[in-house]
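Below, each chain spelled out in residue letters.
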Amino acid sequence: RAALVIMDVSLSRSQHEGKPVDGLAITRLLKQDPEARRVPVLLATAHAMKGSREKFLAESGADDYVSKPILSADELIARVRTLMQKGRHAVSPAARR
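Residues numbered from 1 in each chain as written. Predicted model: local features only at pLDDT ≥ 70, side-chain atom pairs only at ≥ 80, totals over all residues. Heavy atoms only, no water.

### Points about the packing of aromatic side chains
The final tally for this structure, using the stated rule, is 1 aromatic pair. On the numbers, 6.0 Å between centres and 45° between planes, the contact of F56 with Y65 is tilted. By relative accessible area, F56 is classed as buried at 11%. Here Y65 falls in the buried class, since its relative accessible area comes to 6%. (Phe/Tyr/Trp six-rings, centres within 6.5 Å; stacked < 30°, edge-to-face > 60°. Buried < 20%, exposed > 50% of the residue type's maximum accessible area, 1.4 Å probe, protein only.)

### Some words on the sheet that holds strand β1 (residues 5-8)
One open sheet accounts for 3 strands, arranged β1-β4-β5; its pairing is parallel. Each edge of the open sheet carries a strand with a single partner, namely β1 and β5 (64-67). Neighbour-to-neighbour, the strand axes of this sheet turn through a mean angle of 25°, independent of strand direction. Each of β4 (41-45) and β5 touches helix α2 (residues 52-60); the most contacted strand, β5, lies at about 140° to it. (Pairing = 2+ DSSP bridges. Helix = DSSP H or I, 4+ residues; strand = E, 2+ residues; numbered from the N terminus. Axes fitted to C-alpha atoms, helices over the stretch in contact; angles between N-to-C directions. Contact = heavy atoms within 4.5 Å.)

Following this line, the structure appears as structure tokens:
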């Protein structure tokens, strides 16, 4: 079981059920699944512009967003730790066994 997903927004050449998808679409699919929705998703993209964070989070249902290039490993690690902690609290007690 995954503790965290770092999802690239672009994901060129990715397909689901024969149709092209990007990281936003895949994240929406994950967040629609009752079990997978508990796994935090951190979006990552090099195509960041003003307003991208809010737009991508709203469109995908992801838990957080980071733009590339990632300049601070400490900041990335802190975000990952925070999201993993959130994911642990979202897991049902039955699923923890």
